[in-house]
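Observations on chain architecture
Chain by chain, the residues run as shown.
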Amino acid sequence: QVDTAQFKFGGASLLCDGTGDWISTPDSADFVQGTGSFTWEAQVRPAVDGAVIRGAGQADATLTAAGSAWYMARSATNKIEFNLSDGSTFTTLTSTSNVIAGAWTHVRAERTGNTINLYINEVLEATAAFTGTVPNSAAAYRIGAAGENTTTPWNGWLDEIRFDIGVARG
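Every value quoted in this text rests on a predicted model; they were computed, and no experiment measured them.

1. Quick notes on the overall build of the protein
Scanning the protein from N- to C-terminus turns up 0 helices and 13 strands. In summary, the protein has a C-alpha radius of gyration of 14 Å against a globular reference of 15 Å for 170 residues, a match within 12%. Evaluated residue by residue, the protein yields a buried proportion of 51% over its 170 residues. The contacts in the protein between residues at least 6 apart in sequence include a share of 65% that link residues at least 24 apart. Element-wise, carbon and sulfur atoms account for 49% of the exposed surface of the protein, whose accessible area totals about 7,000 Å². Charge separation in the protein, taken as the distance between the mean sites of 10 positive and 17 negative side-chain charges, equals 5 Å.

What follows is the structure in structure tokens.
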């Protein structure tokens, strides 16, 4: 739902209550990352701590690397995890900072060349080599859930969500 009580910019944000709220769009050639640069970013504000909540992604229902491109989650230890598939396995970047209930946090994941980076509030928190090709997943792209995996969907607010293919904004 659109919520005007909590927002980072513009007077409203997406509120997901953790029980089936998300925005979904079918697979599109526009989402293919391949070997190129990309940036995914959002302002996030969890409503709960100590629980896995998945915020966005293009992944199959069982989160297999073969059927998924990527997904972002907040772990039960309150860390952001960005998972990028090469078709065989996921490379996972985990934040060092906690992302907690009641506070807006800027999350940005990007690929530039053969490196993926995870930033929290514009501070680089994790980096990894990634030389693979991100598979062309047929899964839906969702905001508020990890693609077609809708277990533990996002519980909280999301604002200023952007997904750029071909550009690393860092």
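2. Topic: the pattern of salt bridges
Between side chains of opposite charge, a pair can form when the charged atoms approach closely. This structure, assessed with the given rule, holds 6 salt bridges. We note a salt bridge from Arg162 to Asp164, for which the minimum N-O separation is 3.3 Å. On the basis of relative accessibility, which here comes to 36%, the residue Arg162 falls in the partly exposed class. Given a relative accessible area of 15%, Asp164 falls into the buried group. Across the pair Asp164 and Arg169 runs a salt bridge, and its minimum N-O distance is 2.5 Å.

3. Quick look at the sheet that holds strand β1 (residues 2-3)
Spatial ordering of the open sheet is given by β1-β2-β13-β4-β9-β10-β11, a layout of 7 strands whose pairing is antiparallel. Strands with a single pairing partner mark the edges of an open sheet, and in this sheet they are β1 and β11 (123-129).

Rules of the game
- Residues numbered from 1 in each chain as written.
- Predicted model: local features only at pLDDT ≥ 70, side-chain atom pairs only at ≥ 80, totals over all residues.
- Heavy atoms only, no water.
- Helix = DSSP H or I, 4+ residues; strand = E, 2+ residues; numbered from the N terminus.
- Rg over C-alpha atoms; globule rule 2.2 N^0.38 Å.
- Buried < 20%, exposed > 50% of the residue type's maximum accessible area, 1.4 Å probe, protein only.
- Contact = heavy atoms within 4.5 Å.
- Areas by Shrake-Rupley, 256 points an atom, 1.4 Å probe, with all protein chains shown as cover.
- Lys, Arg positive; Asp, Glu negative; His and termini not counted.
- Charge placed at Lys NZ, Arg CZ, Asp CG, Glu CD.
- Salt bridge = Lys/Arg side-chain N within 4 Å of Asp/Glu carboxyl O.
- Pairing = 2+ DSSP bridges.

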